[in-house]
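Residues per chain, in single letters:
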Amino acid sequence: MTLTVPTWLTLTRMLMIPVLVLVFYLPWGWTNIAGAAVFVLAAITDWLDGWVARRWNMGSAFGAFLDPVADKLMVSTALFLIVQGHPTAWMAFWAAVIVGREIAVSALREWMAELGARTTVKVASIGKVKTVVQMVAITCLLYALVPGHQPQPWMGREIFLIGDWMLAGAALLTLWSGGIYLRAAWPVLRGDEHPR
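Quick notes on the rules
Residues numbered from 1 in each chain as written. Predicted model: local features only at pLDDT ≥ 70, side-chain atom pairs only at ≥ 80, totals over all residues. Heavy atoms only, no water. Helix = DSSP H or I, 4+ residues; strand = E, 2+ residues; numbered from the N terminus. Buried < 20%, exposed > 50% of the residue type's maximum accessible area, 1.4 Å probe, protein only. Contact = heavy atoms within 4.5 Å. Areas by Shrake-Rupley, 256 points an atom, 1.4 Å probe, with all protein chains shown as cover. Phe/Tyr/Trp six-rings, centres within 6.5 Å; stacked < 30°, edge-to-face > 60°. Axes fitted to C-alpha atoms, helices over the stretch in contact; angles between N-to-C directions. Parallel < 35°, antiparallel > 145°, perpendicular 65-115°, else oblique. Left-handed = near helix turned anticlockwise from the far one by under 90°. Nonpolar A, V, L, I, M, F, W, Y, C, P; charged D, E, K, R; others polar. Polar contact = N/O pair within 3.5 Å; in protein donor to acceptor, adjacent residues only side chain to side chain. Patch = residues over 30% accessible without salt bridge, like charges linked within 9 Å, V, L, I, M, F, W, Y side chains within 5 Å. Salt bridge = Lys/Arg side-chain N within 4 Å of Asp/Glu carboxyl O. Core = buried A, V, L, I, M, F, W, Y, C linked by side-chain atoms within 4.5 Å. Expected span 1.5 Å × (residues − 1). Bend = angle between axes of the 7 residues up to and from the residue.

## Here we look at the overall build of the protein chain
Line of reasoning, step 1. Within the protein chain one finds 6 helices and 0 strands.
Line of reasoning, step 2. Listed N to C, the secondary structure of the protein chain is α-α-α-α-α-α in terms of helices and strands.
Line of reasoning, step 3. Counting every position in the protein chain, which comprises 196 residues, the buried fraction comes to 44%.
Line of reasoning, step 4. Sequence separation of at least 24 residues holds for 77% of the intrachain contacts in the protein chain that already meet a minimum separation of 6.
Line of reasoning, step 5. Accessible surface, the protein chain as shown: approximately 10,800 Å² in total, 71% of it carbon and sulfur.

Structure, rendered in structure tokens:
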């Protein structure tokens, strides 16, 4: 198996996960900026690997499998860190909604693929909006919540509030897009239709 450039970018994103965790807990004053920067860099590689794969026709089965896995691992890890940095019921609830939806939709796609009806469950445009809102929210919260650095040197409270409300918005968009997936798959789930 030959690893393509997009797959290398995806693997790089996965390697950034332990870096994010390490930076989050380092006892230095600049680690909030570094943590947010690591996450932004990971988000850029997420966009870049897809663009390169489409632009130069470098898609591969392994890359198609690995890309969503890397995305979900990075987002879930970042959300766990954020909840640890701000352990409130509000933050834990929104994080659980986002992670729970990712697990449910992944399971739904896998099950539909086994039935030969994977194309029934396609990515909706609302999912892309959700991803952008979620990435901005997580970046803001990583900046504002690195342990041991309160208050942050520049607009820490304001950026936290922006991230907090945007995370709630991302969670609501997550439920909405999850509902779209479920509605598309519902006839097959209910047994009214047989996959073709």
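## Observations regarding the environment of Ala-170
Line of reasoning, step 1. Relative to the helices and strands, Ala-170 is located in helix α6 (residues 156–190).
Line of reasoning, step 2. Remark: the alpha-carbon pair of Ala-170 and Thr-131, spanning 39 residues in sequence, is separated by 7.5 Å.
Line of reasoning, step 3. The residues contacting Ala-170, other than those within four sequence positions of it, are Ile-98, Lys-130, Val-133 and Gln-134.

## A closer look at the packing of aromatic side chains
Each aromatic ring pair is summarised here by two numbers: the centre-to-centre distance and the angle between the ring planes.
Line of reasoning, step 1. Summed over all chains, the structure comprises 8 aromatic pairs.
Line of reasoning, step 2. On the basis of an interplanar angle of 80 degrees and a centroid distance of 5.1 Å, the ring pair of Phe-24 and Tyr-25 is categorised as edge-to-face.
Line of reasoning, step 3. Feature note: the residues Trp-90, Phe-93, Trp-94 and Trp-165 constitute an aromatic cluster, connected by ring pairs.

## Overview of the packing of helix α4 (residues 89–114) against α6
The packing of two helices is summarised by the inter-axis angle and the distance between the axes.
Line of reasoning, step 1. Orientation of α4 relative to α6, taken along the N-to-C sense of each, is 25 degrees, at an axis distance of 9 Å. With respect to each other, α4 and α6 are oriented roughly parallel. You can see that α4 and α6 cross each other, and the crossing is left-handed.
Line of reasoning, step 2. For the contact of α4 with α6, the per-class residue count stands at 22 nonpolar, 3 polar and 3 charged.

## What to know about the side chain of Arg-101
Line of reasoning, step 1. Examined against the element boundaries, Arg-101 turns out to sit in helix α4.
Line of reasoning, step 2. A distance of 2.9 Å separates the side chain of Arg-101 from the side chain of Ser-177, its partner in a polar contact.
Line of reasoning, step 3. Not counting residues within four places of it along the chain, the set of residues in contact with Arg-101 comprises Lys-130, Thr-174, Ser-177, Gly-178 and Tyr-181.

## Thoughts on unusual backbone geometry
Line of reasoning, step 1. Although it is not a glycine, Asn-57 sits at a positive phi angle of roughly 50 degrees.
Line of reasoning, step 2. Its place among the elements puts Asn-57 in the loop between α2 (31–55) and α3 (61–85).

## Some details on a nonpolar patch on the surface
Line of reasoning, step 1. There is a patch of nonpolar side chains on the surface, built from Val-40, Leu-41, Ile-44, Trp-47, Trp-51 and Trp-56 and spanning about 610 Å² of accessible area.
Line of reasoning, step 2. Within the secondary structure layout, Val-40 lies in helix α2.

## Describing the nonpolar core
Line of reasoning, step 1. The biggest cluster of nonpolar side chains holds 34 residues, and the ones touching the most others in it are Leu-79, Ile-138, Leu-142 and Leu-167.
Line of reasoning, step 2. Listed by contribution, the elements that provide at least two residues to this core are α1 (5–25), α2, α3, α4, α5 (125–145) and α6.
Line of reasoning, step 3. Per-element tally for this core: the top contributor is α5, with 9 residues.
Line of reasoning, step 4. With sequence-adjacent residues up to four places away left out, Ile-138 is seen in contact with Phe-39, Val-75, Ala-78, Leu-79, Ile-82 and Leu-167.
Line of reasoning, step 5. Among the nonpolar cores identified, the runner-up in size contains 6 residues, and Val-105, Leu-108, Met-112 and Val-188 belong to it.

## Here we look at α1
Line of reasoning, step 1. With 21 residues, α1 should cover 30 Å at 1.5 Å per step; its first-to-last C-alpha distance of 31 Å lies within 8% of that length.
Line of reasoning, step 2. Of all the bends in α1, the greatest, near 25 degrees, is centred on Ile-17, and the proline Pro-18 appears no more than four residues after it.
Line of reasoning, step 3. Listing the buried residues of α1 in full gives Pro-6, Thr-7, Leu-9, Thr-10, Arg-13, Met-16, Ile-17, Leu-20, Val-23 and Phe-24.
Line of reasoning, step 4. Those residues of α1 hidden inside the fold are in contact with α2, α3 and α5.

## Topic: the environment of Trp-51
Line of reasoning, step 1. Inspection of the secondary structure puts Trp-51 in helix α2.
Line of reasoning, step 2. Residue classification places Trp-51 among the partly exposed residues on the basis of a relative accessible area of 33%.
Line of reasoning, step 3. Each C-alpha atom, one on Trp-51 and one on Pro-6, is 8.4 Å from the other, the two residues being 45 residues apart in sequence.

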